[in-house]
Amino acid sequence: RGELGTKVELTIARRGEPKLIKKEVVRGSIPVKSVDVAYMLNDTTGYLKTNTFGMHTYAEFMQALVKLKAEGMRKIIIDLRENEGGVLPSAIQMINEFLDASSLAQPRTDYKSNGKGQFKDLRVDVLISEFSASASEIFAGAIQDNDRGLIIGRRSFGKGLVQEQRMLPDGSALRLTVARYY
């Protein structure tokens, strides 16, 4: 760990090598992508797999959808299998792309779609598995509850929880569960 662009010397012990190996490397940025793949299955059906909901997931998602739309996509399969969730606002932004205005709600806090999504007329099917959890379940539930598509796969993990991070005075953080989706 350290500043980008700085050098670090690694000492490597390799089985079968009697001497330690020294290597100098330069620290760099390692981007972690949320959208694993996005491609056309046939002339009209796009496929998009996302592994998490991170801070940049929505931008990656939109970039992939725009590319697929340009390739003739008229329906999409969104694969959330093994997606354990992540940042709720990213999931809300993604859901908004497929719903009419004011379709999202919960008792204490209202999340309302604004109706400005670019893909409201696109057919949406969502793949889930027993390891799809949290924001993945919220995404799939919103699509199902608003009759926007089919949910295909296995019963999900059942952890439709929303957690917020609270910073503590010593610089550490605490994650509190603040909502539960059913």
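Scope of this entry: the structure provided in the associated data block. Model, not experiment: these values are computed from the prediction. (Residues numbered from 1 in each chain as written. Predicted model: local features only at pLDDT ≥ 70, side-chain atom pairs only at ≥ 80, totals over all residues. Heavy atoms only, no water.)

Quick look at the packing of helix α2 (residues 88–96) against helix α3 (residues 135–145)
So, step 1. Following both chains from N to C, one finds α2 and α3 inclined at 20°, their axes separated by 9 Å at the closest point. With respect to each other, α2 and α3 are oriented roughly parallel. Crossing angle aside, the handedness with which α2 passes α3 is right-handed. Between α2 and α3, the contacting residues are L88, A91, M94 and I95 on the first element and A135, I138, F139 and A142 on the second. (Axes fitted to C-alpha atoms, helices over the stretch in contact; angles between N-to-C directions. Helix = DSSP H or I, 4+ residues; strand = E, 2+ residues; numbered from the N terminus. Parallel < 35°, antiparallel > 145°, perpendicular 65-115°, else oblique. Left-handed = near helix turned anticlockwise from the far one by under 90°. Contact = heavy atoms within 4.5 Å.)

Some points on unusual backbone geometry
So, step 1. The phi angle at S134 is positive, at roughly 55°, despite the residue not being glycine.
So, step 2. Relative to the elements of secondary structure, S134 occurs in the loop between β6 (123–128) and α3.
So, step 3. We note that D147 has phi near 50°; this positive angle belongs to a residue other than glycine.
So, step 4. Overall, D147 belongs to the exposed group, its relative accessible area being 71%. (Buried < 20%, exposed > 50% of the residue type's maximum accessible area, 1.4 Å probe, protein only.)

A few points about the nonpolar core
So, step 1. I76, F98 and F139 are the most contacted members of the largest nonpolar core, which has 32 residues in total.
So, step 2. Of all elements in the fold, only β3 (35–40), α1 (57–70), β5 (75–79), α2, β6 and α3 reach the threshold of two or more residues within this core.
So, step 3. Looking at this core element by element, the count peaks at six residues for α3. (Core = buried A, V, L, I, M, F, W, Y, C linked by side-chain atoms within 4.5 Å.)

What to know about the sheet that holds β3
So, step 1. A sheet is described by the order of its strands in space; here five strands give the open sequence β3-β4-β5-β6-β7, paired in mixed fashion. The outermost strands of the open sheet, each flanked by one partner alone, are β3 and β7 (149–153). Neighbour-to-neighbour, the strand axes of the sheet open up by a mean angle of 15°, direction not taken into account.
So, step 2. Alignment of β6 against β7, held across five bridges, turns out to be parallel. Looking across to β7, one finds that D125 is bridged to L150.
So, step 3. Contacting β3, β4 (45–50) and β5, α1 crosses the sheet at an angle of about 10° to β3. (Pairing = 2+ DSSP bridges.)

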